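So you can see what is in the structure, the chains are spelled out below.
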Number of protein chains: 4
Amino acid sequence: MIRFGLFGCGRIGRVHADSIDVHPRAELAWVYDPIESAADEVGKRYGAATASTVNDAIDDTRVDAVIIASATATHVDLLTRAVRAGKAVLCEKPIDLDLARVDRCWVEIAALNPTVLVGFNRRFDPSFREVHERIAAGDIGRLEQLTIVSRDPAPASRDYLAASGGLFRDMTIHDFDLARFYLGEVVEVYATGANLVADYIAELGDIDSAVVVLRGADGALCHITNSRRSVFGYDQRLEAFGSAGMLSVGNQHPTSVRLSNTTQTEAAGEYLNFFLDRYTPAYRAELDHLITAMEQSDQPSPGFADGREALALADAALESLQTGRSVQLGSP
Amino acid sequence: MIRFGLFGCGRIGRVHADSIDVHPRAELAWVYDPIESAADEVGKRYGAATASTVNDAIDDTRVDAVIIASATATHVDLLTRAVRAGKAVLCEKPIDLDLARVDRCWVEIAALNPTVLVGFNRRFDPSFREVHERIAAGDIGRLEQLTIVSRDPAPASRDYLAASGGLFRDMTIHDFDLARFYLGEVVEVYATGANLVADYIAELGDIDSAVVVLRGADGALCHITNSRRSVFGYDQRLEAFGSAGMLSVGNQHPTSVRLSNTTQTEAAGEYLNFFLDRYTPAYRAELDHLITAMEQSDQPSPGFADGREALALADAALESLQTGRSVQLGSP
Amino acid sequence: MIRFGLFGCGRIGRVHADSIDVHPRAELAWVYDPIESAADEVGKRYGAATASTVNDAIDDTRVDAVIIASATATHVDLLTRAVRAGKAVLCEKPIDLDLARVDRCWVEIAALNPTVLVGFNRRFDPSFREVHERIAAGDIGRLEQLTIVSRDPAPASRDYLAASGGLFRDMTIHDFDLARFYLGEVVEVYATGANLVADYIAELGDIDSAVVVLRGADGALCHITNSRRSVFGYDQRLEAFGSAGMLSVGNQHPTSVRLSNTTQTEAAGEYLNFFLDRYTPAYRAELDHLITAMEQSDQPSPGFADGREALALADAALESLQTGRSVQLGSP
Amino acid sequence: MIRFGLFGCGRIGRVHADSIDVHPRAELAWVYDPIESAADEVGKRYGAATASTVNDAIDDTRVDAVIIASATATHVDLLTRAVRAGKAVLCEKPIDLDLARVDRCWVEIAALNPTVLVGFNRRFDPSFREVHERIAAGDIGRLEQLTIVSRDPAPASRDYLAASGGLFRDMTIHDFDLARFYLGEVVEVYATGANLVADYIAELGDIDSAVVVLRGADGALCHITNSRRSVFGYDQRLEAFGSAGMLSVGNQHPTSVRLSNTTQTEAAGEYLNFFLDRYTPAYRAELDHLITAMEQSDQPSPGFADGREALALADAALESLQTGRSVQLGSP
């Protein structure tokens with residue numbers, strides 16, 4: 001049985017609490033949130049103690065692992081302290097918005113050979129994972145072109161976005177990691193964007209729509225399309241085009257019902273409408289991956305370096321957006 | 001070059017005139033219709049002479065073949081005369097509404113070894129034909145269950161239906177033939193129906209909705225679903241389920257456009273909306289089949305006997321509808 | 001918190017144990033199985049006590065409900081005893097193979113106004129349920145034709161089938177209930193079948209393939225297609241055709257991955273491959289329905305009478321199969 | 001009746017000859033090809049005279065229009081001469097590989113107010129056209145993101161490619177025009193490419209795979225994906241994402257047959273496998289558009305300026321590929 005401490009009881013923290021609850025070999029020991037009522041509610045629901053400070057969990061020798069689902073600004077500090085206390089860590093993305101700070105964090109913890117899983121949940125989505133496995137099995141030959149579509153149903157609030165680090169670090173970062181999942185290292189980034197969705201995003205100096213082009217070390221091309229708003233629901237698709245075929249992942253519906261009538265035929269209903277619906281199996285598989293890695297003394301993946309690289313791609317994309325030039329990346 | 005006479009310049013006659021027009025080795029020589037203006041119009045459009053009587057075409061030694069697309073009651077007479085004049089014949093379905101009359105017709109012409117193609121156009125639909133070929137190629141192993149869905153967009157007029165011979169002889173007859181295309185001979189028929197669509201059909205003593213169950217000589221089961229009205233358009237589908245897989249044919253759209261918005265996802269537009277649209281390629285392939293058969297001195301298929309058997313199944317279905325019992329069929 | 005006793009710890013019993021486990025307001029108190037090791041295993045896994053006899057659960061006043069997932073022959077006795085002890089009951093289908101015995105059972109328990117849910121899980125499948133709701137909402141106008149396809153991946157063992165009561169009572173019974181879910185009462189049944197799949201099924205005097213035609217009290221036609229073997233996986237589909245449109249339910253895949261290569265395009269992988277996969281959400285919704293009904297003192301549905309009617313339809317189908325005639329049903 | 005002269009009797013010339021043949025108001029008068037046997041063959045097949053020089057057609061006052069389907073290097077000269085002779089022109093893309101030469105051509109002919117249709121056939125594809133119409137009708141609100149996928153089944157020969165002007169001028173030029181069809185003017189181009197398909201393409205200094213990003217004057221983003229080889233067939237798809245929905249165009253199959261078996265489910269067969277199959281209706285609609293424009297004294301579209309702009313985008317893409325920078329375009 002792996003005992004967990006959970007830092008952060010907001011939307012994503014509750015997803016992890018739920019994954020722990022249904023996992024046969026996991027137990028939620030402590031929950032912490034600066035808003036005490038949130039921690040109480042989650043603690044009560046899942047039978048965990050409410051921590052008055054994060055130390056309650058970090059100092060508890062019966063706690064094996066912590067999940068960092070708190071505000072981004074707190075990640076590095078919590079991650080460092082948890083690793084020093086010998087805990088395994090599942091850290092939500094991004095590790096931090098500042099790449100230099102991420103690198104300093106690694107300097108501090110590297111010698112401890114930490115067990116860190118960064119929360120790029122999409123790698124654990126059954127469809128995306130199947131594509132990864134089938135590429136590895138040779139189903140499409142050599143991967144040549146990768147297309148990722150990622151559009152949110154609706155933009156987050158102004159307050160959320162103001163602290164988000166911008167589209168690339170907040171939203172595209174998932175796609176950067178997914179691209180690396182298939183391409184391996186990325187050596188070139190071009191990015192452009194637009195303000196088409198909401199004025200308040202432009203006022204924040206951020207973009208709401210983007211197209212990004214990546215080149216992998218072995219020559220494959222990738223493009224990513226993002227929008228902060230998709231009126232037909234969460235749009236999460238992927239195509240992997242190779243020398244011997246193409247694997248594609250479509251959007252997913254809660255039911256398989258289709259309607260034909262006088263104005264349309266074979267119309268499906270709404271898609272699974274946001275990450276809590278679409279990626280529930282992914283979050284559960286992610287947690288199971290960490291637990292299994294811990295049990296077998298393996299390193300989980302994506303690890304700290306993957307979190308670092310996705311952020312580096314976001315920074316490169318921002319540079320490209322500002323300069324109109326593609327940005328070359330060295331080896332990590 | 002095969003020279004054709006066309007009897008009947010209504011909707012289906014024009015389809016055949018058009019097929020002749022685009023066929024590189026066919027020519028329309030004569031057109032006849034009791035409504036002279038209809039014949040004139042088709043003749044002018046396709047460069048054919050307007051016949052004052054059918055004899056103009058039947059007696060014309062340069063005419064190789066005739067297409068009988070006139071009223072059903074005239075089919076047997078025209079077919080008999082054309083065969084006696086040495087013409088090949090493409091006769092629209094049904095040969096006649098009266099099975100005894102069909103059998104007497106055959107007695108009269110059999111010794112002439114006539115070249116007769118009965119107009120069961122669906123056998124020539126590229127999708128239905130592909131299924132036939134792939135079953136023959138073993139793609140689904142042994143055929144065990146066949147499902148045919150056939151629904152018209154809207155019921156024909158009262159006048160048309162009053163002379164149609166009823167649902168089974170007019171509409172299901174296509175499905176009976178299609179079933180025989182895949183199953184071979186049919187040994188058992190059960191049929192039931194309902195009046196759900198239009199009062200005037202019930203007033204005619206006819207049904208507008210039906211379910212028919214067939215058993216093939218080698219044990220396969222088939223069911224057919226019919227309706228005289230499908231608000232979402234012409235519904236023409238088929239599933240062939242076998243010991244090693246299933247081949248299915250879906251409805252077809254004029255374009256591949258799909259729409260996703262706030263109320264639906266992946267909605268297609270209307271289907272190819274009736275036989276003139278859906279079966280244009282089938283009608284052309286049907287004509288080409290006859291021409292090729294004539295050129296190669298082969299018997300075209302489906303032939304006279306197939307036209308007879310489909311009608312026999314319609315009669316058996318009617319008997320079953322009236323008695324509530326399945327009807328056994330002997331060998332033809 | 002509703003406390004359950006579970007009778008039968010085989011495949012379906014474990015499904016229910018799992019549903020109880022994840023339900024926030026349910027608890028598994030007792031498990032019983034004549035094979036003690038099976039009961040022990042399930043009891044240990046879900047933290048329930050192993051009963052030495054069913055009385056441990058029936059006599060336990062803290063037990064609110066029992067789930068009867070034992071051999072069919074035991075259902076009536078267990079159901080009767082549980083109802084007398086004041087328990088709510090979730091009884092797996094069929095209530096019994098003998099309609100007379102079912103009716104006697106009802107005579108014994110009717111006065112107790114029992115809370116009985118019969119385990120027709122498909123009514124709780126999200127897709128089938130959505131179709132039901134949308135028909136009620138008028139999405140397709142009046143229901144005119146219902147098509148149900150139900151094929152198992154592979155036939156059960158000879159031993160299982162020998163005790164199953166035959167295809168109609170064992171397998172089609174689900175489809176009979178599903179038909180009633182949409183059609184309401186059924187007034188006419190025609191059924192035919194074939195032996196196409198496995199010799200040992202014929203040796204048992206049973207069929208392995210069937211087509212059934214039903215007529216609802218308000219005139220709608222329904223046909224059901226069954227096979228004991230579908231090499232491409234569990235085939236569970238439905239089409240509801242109405243005066244204003246059609247709702248269809250397709251098969252479901254574990255992922256949304258599609259492959260295009262030199263031999264095929266847009267090929268999906270295998271379907272959710274049998275009821276444990278396809279109907280997991282249905283089983284959970286079924287249990288939740290019972291719990292909610294108990295909490296609100298409502299009668300759950302489908303109830304005892306529905307279990308009785310589905311069996312009556314199976315008997316009528318068998319009569320039709322043997323006589324070749326459609327069978328009329330009176331009001332229940 | 002519009003009488004045509006055809007210059008060039010290769011693959012694309014024959015497509016046009018066929019379109020003329022089936023058009024009720026068009027007639028092919030002259031055919032010319034430097035390879036006389038090719039001209040003879042096409043002339044004989046469609047009943048046209050074989051010209052010994054292009055002058056036979058250009059000087060023939062009964063000729064209303066010419067189709068320029070000859071080698072690219074001859075386009076400007078033929079177009080200029082035909083316009084001067086008062087003919088309408090359907091000129092295959094590209095007008096020329098050299099933008100300066102195109103501009104000089106326009107200087108020479110502009111005063112003649114010529115009727116020129118440039119052969120961007122995809123604008124006439126029924127699916128692409130439907131998307132255009134539905135965007136205009138407001139079906140997806142404001143267009144924000146456009147995705148074009150265009151992959152050929154297999155690369156052309158080394159000889160063809162050596163004279164092609166490179167991927168952007170030869171292949172992507174269709175996509176540039178299609179982008180302009182939806183976006184209107186394009187103000188920014190970024191392009192990158194790779195050599196993944198065939199060594200001989202790299203040896204020619206050309207690329208075989210590309211990703212291009214465009215920005216429209218009103219802010220919409222577009223990306224184009226190209227490959228010279230797609231093993232699963234001609235890959236021609238489009239997505240138009242807007243503020244109120246998304247319209248997508250999928251690939252198209254010759255039949256609607258799908259196969260499910262032990263290794264896959266719902267697998268379609270091959271796509272319409274190259275432009276002669278996929279775009280037959282487009283070529284016919286293109287010709288009809290020219291004829292109708294001539295009859296109504298309208299300017300056909302896309303016209304000379306559109307041919308010029310697509311080439312300018314190709315040049316800009318090449319510059320971007322070489323510099324790694326996005327290229328800004330002024331107003332045309």
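Our subject is the structure that appears above.
Report on the accompanying structure. (Residues numbered from 1 in each chain as written. Chains lettered and ligands numbered in written order. Predicted model: local features only at pLDDT ≥ 70, side-chain atom pairs only at ≥ 80, totals over all residues. Heavy atoms only, no water.)

As a further point, take the relation of the copies chain D and chain A. Of the transformation superimposing chain D on chain A, the axial component is 0.0 Å and the angular component is 180°, with the fit at an RMSD of 0.0 Å. A rotation of that kind, with that shift, is consistent with a two-fold axis. Considering only C-alpha atoms, the part of chain D nearest the rotation axis is R325 of chain D, at 2.1 Å. A symmetric contact is evident, with 100% of the interface residues of chain D recurring at the interface of chain A. (Least-squares fit on C-alpha atoms with pLDDT ≥ 70 in both. Contact = heavy atoms within 4.5 Å.)

We now examine the side chain of Q145 of chain A. With respect to the secondary-structure elements, Q145 of chain A resides in strand β7 (residues 143-151). Within the local environment of Q145 of chain A, its side chain forms a polar contact with the side chain of R151 of chain D, the two groups lying 2.9 Å apart. In this structure Q145 of chain A touches L221, E239, A240 and F241 of chain A together with R151, S209, A210, T225, N226 and S227 of chain D, once residues within four positions along its chain are discounted. (Helix = DSSP H or I, 4+ residues; strand = E, 2+ residues; numbered from the N terminus. Polar contact = N/O pair within 3.5 Å; in protein donor to acceptor, adjacent residues only side chain to side chain.)

On the chain C side, the residues contacting the 23 residues of chain A number 23 residues. Of the roughly 1700 Å² buried between chain A and chain C on both sides combined, carbon and sulfur atoms contribute 50%. When residues of chain A are sorted by the area they lose upon contact with chain C, S256, V257 and L259 of chain A head the list and together hold 31% of the total. The tally of links from chain A across to chain C stands at zero salt bridges. Here chain A is connected to chain C by twelve residue pairs in polar contact (both at pLDDT 80 or more). Contributions of two or more residues to the side of chain A that touches chain C are made by α6 (126-136), β12 (245-249) and β13 (257-261) of chain A. Looking at the side of chain A that touches chain C residue by residue, the classes come out as nine nonpolar, ten polar and four charged. Both β13 of chain A and strand β12 (residues 245-249) of chain C contribute to a ladder of four bridges, which runs antiparallel. Of the residues in β12 of chain C, the one forming a bridge with V257 of chain A is V249 of chain C. (Buried area = accessible area lost by both parts, 1.4 Å probe. Salt bridge = Lys/Arg side-chain N within 4 Å of Asp/Glu carboxyl O. Nonpolar A, V, L, I, M, F, W, Y, C, P; charged D, E, K, R; others polar. Pairing = 2+ DSSP bridges.)

Okay, unusual backbone geometry next. In this chain, K93 of chain B is followed by P94 of chain B through a cis amide linkage whose omega measures -15°. Structurally, the position occupied by P94 of chain B is in the loop between β5 (88-91) and α5 (99-109). With an omega dihedral of 10°, the bond running from S301 of chain B to P302 of chain B counts as a cis peptide bond. By the secondary structure assignment, P302 of chain B is in the loop between α11 (280-295) and α12 (304-323). A positive phi angle, close to 50°, is found at N113 of chain D, a residue other than glycine. Among the structural elements, N113 of chain D can be located in the loop between α5 (99-109) and β6 (116-118). A positive phi is found at F274 of chain D, a non-glycine position, where the angle reads about 145°. Looking at the element boundaries, F274 of chain D is found in the loop between β14 (264-268) and α10 (275-278).

In the structure shown here, the tally under the stated rule is 38 aromatic pairs over all chains. Consider the rings of Y234 of chain B and Y279 of chain B, whose centres lie 5.9 Å apart with planes at 85°: the pair is edge-to-face. With Y234 of chain B in the loop between β10 (221-227) and β11 (235-242) and Y279 of chain B in the loop between α10 (275-278) and α11, this residue pair connects regions lying 45 residues apart in the sequence. Through pairs of rings, three or more aromatic residues link up here, namely F128, Y234, F274, F275, Y279 and Y283 of chain A. The ring of F241 of chain D has R151 of chain A sitting right over it, with the charged end atom 3.8 Å from the ring centre. (Phe/Tyr/Trp six-rings, centres within 6.5 Å; stacked < 30°, edge-to-face > 60°. Lys NZ or Arg CZ within 6 Å of the ring centre and 35° of its normal.)

That is the geometry; function is a separate question.
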